[in-house]
Amino acid sequence: SDFAITRLKKTIDGGSTWNSVLEFYVYANPNEWHNFYHIQTVNPQVTYFTINYEEIPGNHWSRVYRTSDGGSNWLISRNSDDSLLFTIFHFPSADTGYVASLPIPGYGSMTYYLFKYINNTWTTVFRSDTRIRGIYFPTNTTGYILTGSYNIFKTTNGGANWYSVNPQTSVILN
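Residues numbered from 1 in each chain as written. Predicted model: local features only at pLDDT ≥ 70, side-chain atom pairs only at ≥ 80, totals over all residues. Heavy atoms only, no water.

(A) Spatial organisation of the sheet that holds strand β13 (residues 152-155). One open sheet accounts for four strands, arranged β11-β12-β13-β14; its pairing is antiparallel. The open sheet has two edge strands, β11 (132-136) and β14 (163-164), and neither has a second partner. Two strands pair when backbone bridges link them, and β13 and β14 are joined in this way by two bridges, in the antiparallel orientation. Paired with lysine 154 across the two strands is tyrosine 163, which belongs to β14. (Pairing = 2+ DSSP bridges. Helix = DSSP H or I, 4+ residues; strand = E, 2+ residues; numbered from the N terminus.)

Shown next as structure tokens:
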């Protein structure tokens, strides 16, 4: 069988050379894909990324991967269930982060979630009926999210409570 390879590459010389640090092999099939959705390097040793896999019809998964040794070894930090895909995220520090999910139509509820990661533990800290389009946490506990209905929410206690901070404007925000 033919295989397709999806690679995650790393540079340590400003982009002059790139080396593969992780590879995914899938059957070469037009109904199948891997998608590196988001990546963030927190410090020279710690990087996170999300990858989504889908095979039409209906077989899919999503994962958050983490390295703590500069990319030599990668561990699955979080697996999704069949009803959602991980999308954007923000990690304000090496051991604290926030990851948004996208529901898959026809596989469970159409709820969008924001998950909090802290020291290898995952919890749900926000639910929305519209997509989470932006995440920014300047500290481990203070952060902002932008939803698909262009509402801005803020937390100051790591997601335990959220309140609206919508600007008073008639301009559509992109």
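Structure shown, so let's carry the discussion forward.
(B) Spotlight on the layout of surface pockets. Approximately 150 Å³ is the volume found for the largest pocket. Lining the largest pocket we find 14 residues, and of these Lys10, Thr41, Thr47, Gly70 and Trp74 sit closest to its centre. Looking at the lining of the largest pocket, the elements with two or more residues in it are β1 (3-10) and β3 (32-41). Classifying every residue of the lining of the largest pocket by side-chain character gives five nonpolar, seven polar and two charged. (1 Å grid on protein atoms, 1.4 Å probe; cavity = no way out; pocket = protein on both sides within 12 Å on 5 of 7 lines; lining within 4 Å. Points joined across faces, edges and corners; volume = space filled by probe spheres on them. Nonpolar A, V, L, I, M, F, W, Y, C, P; charged D, E, K, R; others polar.)

(C) Region of interest: the side chain of asparagine 52. Relative to the helices and strands, asparagine 52 is located in strand β4 (residues 47-55). Classification of asparagine 52 by relative accessible area gives buried; the value is 2%. Only 3.1 Å separates the side chain of asparagine 52 from the backbone oxygen of phenylalanine 86, close enough to count as a polar contact. (Buried < 20%, exposed > 50% of the residue type's maximum accessible area, 1.4 Å probe, protein only. Polar contact = N/O pair within 3.5 Å; in protein donor to acceptor, adjacent residues only side chain to side chain.)

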